[in-house]
Amino acid sequence: MKHSFDLAQLEEIVSPEQVRGSTTRTIHGIAALKEAEAGDLSFLGNAKYKVDVPATQASLVLLPLDYEGEPGDDQCFFLVKNPSVALATICSRIEQRLWPTPHAGIHASAVVSKDAEVHDSATVGPLCVIEAGAKIGPGTHLQAHVFVGRGAKIGADCWLSPSSQVTSSCILGDRVRLHGGVIVGSDGFGYELVEGRHAKVPQVGSVEVGDDVEIGANSTIDRARFSRTVIGRGTKIDNLVQIGHNVVVGQHCILCAQVGISGSTTLEDYVVLGGQVGVGGHITLAKGTQAGGQTGITANTEPGVTLNGTPAMPFHLERRLVVLNRKLPDLFKRVGQLETLIEAIKKTSA
Amino acid sequence: MKHSFDLAQLEEIVSPEQVRGSTTRTIHGIAALKEAEAGDLSFLGNAKYKVDVPATQASLVLLPLDYEGEPGDDQCFFLVKNPSVALATICSRIEQRLWPTPHAGIHASAVVSKDAEVHDSATVGPLCVIEAGAKIGPGTHLQAHVFVGRGAKIGADCWLSPSSQVTSSCILGDRVRLHGGVIVGSDGFGYELVEGRHAKVPQVGSVEVGDDVEIGANSTIDRARFSRTVIGRGTKIDNLVQIGHNVVVGQHCILCAQVGISGSTTLEDYVVLGGQVGVGGHITLAKGTQAGGQTGITANTEPGVTLNGTPAMPFHLERRLVVLNRKLPDLFKRVGQLETLIEAIKKTSA
Amino acid sequence: MKHSFDLAQLEEIVSPEQVRGSTTRTIHGIAALKEAEAGDLSFLGNAKYKVDVPATQASLVLLPLDYEGEPGDDQCFFLVKNPSVALATICSRIEQRLWPTPHAGIHASAVVSKDAEVHDSATVGPLCVIEAGAKIGPGTHLQAHVFVGRGAKIGADCWLSPSSQVTSSCILGDRVRLHGGVIVGSDGFGYELVEGRHAKVPQVGSVEVGDDVEIGANSTIDRARFSRTVIGRGTKIDNLVQIGHNVVVGQHCILCAQVGISGSTTLEDYVVLGGQVGVGGHITLAKGTQAGGQTGITANTEPGVTLNGTPAMPFHLERRLVVLNRKLPDLFKRVGQLETLIEAIKKTSA
């Protein structure tokens, strides 16, 4: 990390339940238990790495409350409820130092319509474009080359990375993060075949993105045919994800990179989709549905299922079929042997 | 929708073959039959929703000519040849109101080479860049942050959304729509391994996009090694699609989101590829080839086939193999039982 | 091609080991052997096209040293060690003519922090943004709408295409090419579920891209949680590829379009992944691992293996299983017949 902290600062940031040992070192790096050196902070985020704690060279280690070992010389343990969350809190402090809140105001090079409404506490970076009727909420930061279309509304404390776009009439809630190149409100993909040509069905709806949503770099969210495409509160979307028109994504879902959701499909809350998963159109994934990477889902799902494979099937069935498939060469051989034996028996008994 | 229409306006727009009933309501929304409320327009686009017509609360319903029911109180039916097309016509009118044709001219903040040629009736939005030798046709609209490279040619009545790019020497026909972040003319991916290093094969060809093509957000079309990558007239491409160098896509094809086409492959006319389909290099997909989502195609196809699966196979075979695969646990059991029986018979007859 | 060369110029560029025949034609095009016309250059890059050499109409043909045939009238053969490399050399010369080195300097419309360091020989194109503490090396070219974040470092002789981004603290080596819309340093995708909500784990690391790396249009490379995401020297990445946080890609790898690599995975040197391949998190692909298009890899691999399928398996096993799968309908029939026969035998012997 770019900045260093002394033990007292970190204790104040993390508020550990218990402190064991101490270190005179200034902490200037973060590393996994095995890679850490003196001066580094490390943490036990996953029980399977518990064996690495005694030998770690880290000067400070974040550990769960039930951890029983003692620190080495010039080493300190912070015992906390959730080491990963404690680490995130520290990282968040580092983040503030790395990327300090910019000064409010509109950069001279930005092109902002006189009919747009930008809150006094918002920051509009260089070469952004804000069209007529758009509204930018308090504390929101548009970094650079950001485009906000006609009549779009962006809430409070949002962060829009370079070249992200919120096109005409689309709405972002509060604390939304769009990473670079995200496009909210591209046209849905709808045509009618008329006399051998695909006639465009105009896409005159919009997109509504809830509070605390994060959308990864170069992902695309299509506007509805009419009405709205919806991304529910607290949902996190990774890079290069495609959300079709009229899709409704519930709250607190996780969509990993390169997922594609076809038009008019509904994801209920807490759906988790691995990388490159494809979901067909006009179906519903029930609450808590989970799917492994590259799964292809084309039918409604039951709440809480875990799916794998194309076409999607329950995880355990898919695992079993994978094993049996690898035994197919043997099965074909066994059937051939049975046929030979039967033939022999038939001859004998004839 | 943002704007309202009275019945007379809609009758003029749609020109229905027959009108049944009437409504005093102003139409200010569009919704599916089941969700529609008074004041909404609805439509029967798919015969399977016919049962929803009698109970719909929509004030106006677009129906096919052979629909036999009668409207309710304060409800109007427009009977038309194709309700979906009629709806599209109405949406198109809404679109014109939402996004009126901008004033022609070059925004003061755009950077346009003095050696570029921009038609008087074209609109060049804020912060666009147009390099030397580029040509922008009549009625074409570059929205914002659009890049047009050296010597690129863009036809009439095109619409280029924010941050789209037409790079050096590439050509767009008339009425082409590029959505946000589209890149026409990125380098093809070609290297020669020379002494353990990948030496770049310069990509000095270009891309030619036909009339009435639409390309979805953040899709990428690579320029040819030499000669041209071609997208045929009337073809529609969804978001995040990758078209490799020297690919020739025919006319009136449909490529859904996240499709990838490897270099030097040819798609004949009317090919339809579902989401996330991958197509290998140096092959030809014959006219009318269709493939379901996530299909992997690595060999030439016959005209009009429908494919599924990886590796691609005829749709019906793939469906059958999926069913049989799920019966594999049972098949293994049956073969085990046969082996036991044979063993017993052998003992008996011995 | 846009520019013509006479035979003497091409002989100087290519330095052939041997010249057979001659032509009076000026060379003004490049085409495959079968498509070439008089005035075109062609080449034998792949032995399987050897049969096309005698009939080619090309005026100049690049051939391997062991080619034995003689040229036709007004036709010239250049015999070279590697015709593809010779062609690349010619294309490179054409490229220089098409896209001449721009004048050094910063375009008046670019927004460059006074605390950024831009080498005198670098070119910063129109509407680029360079933040404080960033450093741009000698001979590097930022085309247009390029974003370079706070403290980012870009080496010598790099080429950054329109709307590409190198965000805060990220580092590019020398001769790196970023195509349009590439994002280096988007946030990694990391959350902790706390009381039913996904709390963001701040991503405070960076990305380090080695010398001679090329990254295709709209690809995204996430910054590390802490420490660095690494792309090794000489690696070539195609369009729409996603590299997760903390991934380490070795040297001289090839990642085709739409590949996705999950977080904390390591690719050793010379790994080659086909289009749409997905790789799970926290695994290692050993040196020289190769995988066909759409392969899904979720476990460590052995050096030099070739994989196919989801889940990934050795190429030859996957090919065999594909064949056996297609015989499943027949196998089910054979087992049914065996059951009938056994039943009959049991009856007979009863």
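What you are looking at is a predicted structure, and each value in this text was computed from that prediction instead of being measured. (Residues numbered from 1 in each chain as written. Chains lettered and ligands numbered in written order. Predicted model: local features only at pLDDT ≥ 70, side-chain atom pairs only at ≥ 80, totals over all residues. Heavy atoms only, no water.)

Some words on the overall build of chain A
Of the regular secondary structure elements, chain A holds four helices and 38 strands. In terms of principal-axis extent, the alpha carbons of chain A reach across some 95 × 75 × 30 Å. Here chain A holds 350 residues, and the buried ones make up 58% of them. Accessible surface, chain A: about 14000 Å² in total, of which carbon and sulfur atoms supply 50%. In chain A, the 31 positive side-chain charges and the 36 negative ones have mean positions that sit 8 Å from each other. (Helix = DSSP H or I, 4+ residues; strand = E, 2+ residues; numbered from the N terminus. Buried < 20%, exposed > 50% of the residue type's maximum accessible area, 1.4 Å probe, protein only. Areas by Shrake-Rupley, 256 points an atom, 1.4 Å probe, with all protein chains shown as cover. Lys, Arg positive; Asp, Glu negative; His and termini not counted. Charge placed at Lys NZ, Arg CZ, Asp CG, Glu CD.)

Overview of the interface of chain B and chain C
One widely used convention gives an interface's size as the accessible area the parts lose upon coming together. Residue-level contacts link 66 residues of chain B with 66 residues of chain C. Of all residues in chain B, the largest losses of buried area upon contact with chain C belong to F189, H198 and F226 of chain B, amounting jointly to 13% of the total for that side. At the junction of chain B and chain C, the tally comes to three salt bridges. With its nearest N and O atoms 3.5 Å apart, the salt bridge here joins R177 of chain C to D187 of chain B. If you look at where chain B meets chain C, you find 25 residue pairs in polar contact (both at pLDDT 80 or more). Looking at the side of chain B that touches chain C, the element that brings in the most residues is helix α4 (residues 328–349) of chain B, giving eight residues. (Contact = heavy atoms within 4.5 Å. Buried area = accessible area lost by both parts, 1.4 Å probe. Salt bridge = Lys/Arg side-chain N within 4 Å of Asp/Glu carboxyl O. Polar contact = N/O pair within 3.5 Å; in protein donor to acceptor, adjacent residues only side chain to side chain.)

Comments concerning the pattern of salt bridges
This structure, assessed with the given rule, holds 27 salt bridges over all chains. As a salt-bridge pair, E208 of chain A and R228 of chain A come within 2.5 Å of each other at their nearest N and O atoms. Taken as a pair, E208 of chain A in strand β22 (residues 206–209) and R228 of chain A in strand β25 (residues 228–231) lie far apart in primary sequence, 20 residues in all. Taking relative accessible area as the criterion, E208 of chain A reaches 30% and is therefore assigned partly exposed. A salt bridge links R319 of chain B to E318 of chain B; the shortest N-O distance between them is 2.9 Å. Under the relative-accessibility criterion, E318 of chain B is labelled buried at 7%. In the salt-bridge network here, residues are joined through shared partners; they are E95, R177 and E214 of chain A together with D187 and K200 of chain C.

Thoughts on the domain arrangement of chain A
Its domain assignment divides chain A into domain 1 (7–98), domain 2 (105–316) and domain 3 (321–349). Centre-to-centre, using C-alpha coordinates, domain 1 of chain A lies 37 Å away from domain 2 of chain A. (Domains from an automatic or database assignment.)

Comments concerning the environment of L240 of chain B
With respect to the helices, strands and loops of the structure, L240 of chain B is situated in the loop between β26 (236–237) and β27 (242–243). Each C-alpha atom of the pair L240 of chain B and N218 of chain B lies 5.1 Å from the other, and the pair is 22 residues apart in sequence. Aside from chain neighbours lying at most four places away, what touches L240 of chain B is N218, T220, L240, V241 and Q242 of chain A, A217, N218, S219, Q258 and V259 of chain B together with L240 and Q258 of chain C.

Some points on the interface of chain B and chain A
The partner chain A presents 66 residues to the 65 residues of chain B that form the contact. Of all residues in chain B, W99, R326 and F332 of chain B give up the largest surface area on contact with chain A, accounting jointly for 12% of the area buried on that side. Counting the contacts that link chain B with chain A gives three salt bridges. Viewed at the interface, chain A and chain B are joined by 24 residue pairs in polar contact (both at pLDDT 80 or more). Broken down by secondary-structure element, the contributors of at least two residues to the side of chain B that touches chain A are α2 (83–98), β26, β29 (254–255), α3 (315–326) and α4 of chain B. Sort the elements by how many residues they give to the side of chain B that touches chain A and α4 of chain B lands first, with eleven residues. Residues of the side of chain B that touches chain A, tallied by class, amount to 33 nonpolar, 20 polar and twelve charged. (Nonpolar A, V, L, I, M, F, W, Y, C, P; charged D, E, K, R; others polar.)

Points about the relation of the copies chain B and chain A
Note on the chain copies: they are related by a rotation about an axis and a translation along it. It takes a turn of 120° to lay chain B on chain A, together with a shift of 0.1 Å along the axis; the resulting RMSD is 0.1 Å. Taken together, the rotation and translation describe the operation of a three-fold axis. (Least-squares fit on C-alpha atoms with pLDDT ≥ 70 in both.)

Looking at helix α2 (residues 83–98) of chain C
Residues and elements named next belong to chain C. Over its 16 residues, α2 runs 22 Å from end to end, which matches the ideal 22 Å to within 8%, given 1.5 Å per residue. Of the positions making up α2, those classed as buried are P83, S84, A86, L87, A88, I90, C91, I94, E95 and L98. A side-chain oxygen of the first residue of α2 lies 3.0 Å from the backbone nitrogen of S84; this N-cap is N82. (Expected span 1.5 Å × (residues − 1).)

Observations concerning the pairing of strand β5 (residues 76–80) of chain A
A regular strand places its side chains on the two faces of the sheet in alternate fashion. Residue and element names in this part refer to chain A. With five of five residues buried, β5 lies mostly within the body of the structure. With burial as the criterion, each face of β5 is covered, one bearing C76, F78 and V80 and the other bearing F77 and L79. Both strand β1 (residues 18–21) and β5 contribute to a ladder of four bridges, which runs antiparallel. The partner of G21 across the bridge, within β5, is C76. Sheet topology note: the strand β4 (residues 60–64)/β5 ladder contains five bridges and is parallel. Within the sheet, the bridge partner assigned to L60 lies in β5 and is C76. (Pairing = 2+ DSSP bridges.)

Points about unusual backbone geometry
Trans peptide bonds make up most of the peptide bonds, and negative phi angles are found at most residues other than glycine. In this structure, the amide linkage connecting T310 of chain A to the following residue, P311 of chain A, adopts the cis form with an omega of -5°. Along the chain, the position of P311 of chain A falls in the loop between β37 (306–308) and β38 (313–314). Backbone geometry at H145 of chain C places phi at a positive 55°, although glycine is not the residue there. Relative to the helices and strands, H145 of chain C resides in the loop between β12 (141–142) and β13 (147–148).

A word on the sheet that holds strand β17 (residues 171–172) of chain C
As summarised here, the arrangement of the nine strands in space is β8-β11-β14-β17-β22-β25-β28-β31-β34 (chain C), forming an open sheet in which the pairing is parallel. The strands lining the two open edges of the sheet, one partner per strand, are β8 (117–118) and β34 (284–285) of chain C.

Looking at the confidence of the model for chain A
Summary statistics for chain A give a mean pLDDT of 94 and a share of 99% for residues scoring 70 or more. What the predictor reports for the complex is a pTM of 0.93 with an ipTM of 0.91. (pLDDT = per-residue confidence, 0-100.)

Here's the deal with the state of the cysteines
All names here are of chain B. Scanning all chains against the criterion turns up zero disulfides over all chains. Residue C256 stays outside any disulfide, its sulfur separated by 12 Å from that of C253, the closest cysteine. Residue C256 is classed as partly exposed on the basis of its relative accessible area of 21%. (Disulfide = S-S within 2.5 Å.)

Structural notes on the packing of aromatic side chains
Throughout the structure, instances matching the rule amount to nine aromatic pairs over all chains. Residues F43 of chain A and F226 of chain C carry aromatic rings whose centres are separated by 6.4 Å and whose planes lie at 85° to one another, so their mutual orientation is edge-to-face. A residue pair is termed interchain when its members come from two chains, as with F43 of chain A in strand β3 (residues 40–43) and F226 of chain C in the loop between β24 (220–222) and β25 (228–231). For the pair shown, F43 of chain A and F226 of chain C are each scored as buried. Relative to Y191 of chain B, the ring of F189 of chain B has its centre 5.1 Å away and its plane inclined at 80°; by these criteria the two rings are edge-to-face. (Phe/Tyr/Trp six-rings, centres within 6.5 Å; stacked < 30°, edge-to-face > 60°.)

Remarks on the packing of helix α1 (residues 7–14) of chain C against α2 of chain C
All names here are of chain C. Closest axis-to-axis distance for the α1/α2 pair is 9 Å, and the angle between their directions is 115°. Comparing their axes, α2 and α1 come out roughly perpendicular. For the element pair α1 and α2, the recorded crossing hand is right-handed. Touching Q9, L10, I13 and V14 of α1 are A86, T89, I90, R93 and R97, all from α2. Taken together, the residues of the contact of α1 with α2 break down into five nonpolar, two polar and two charged. (Axes fitted to C-alpha atoms, helices over the stretch in contact; angles between N-to-C directions. Parallel < 35°, antiparallel > 145°, perpendicular 65-115°, else oblique. Left-handed = near helix turned anticlockwise from the far one by under 90°.)

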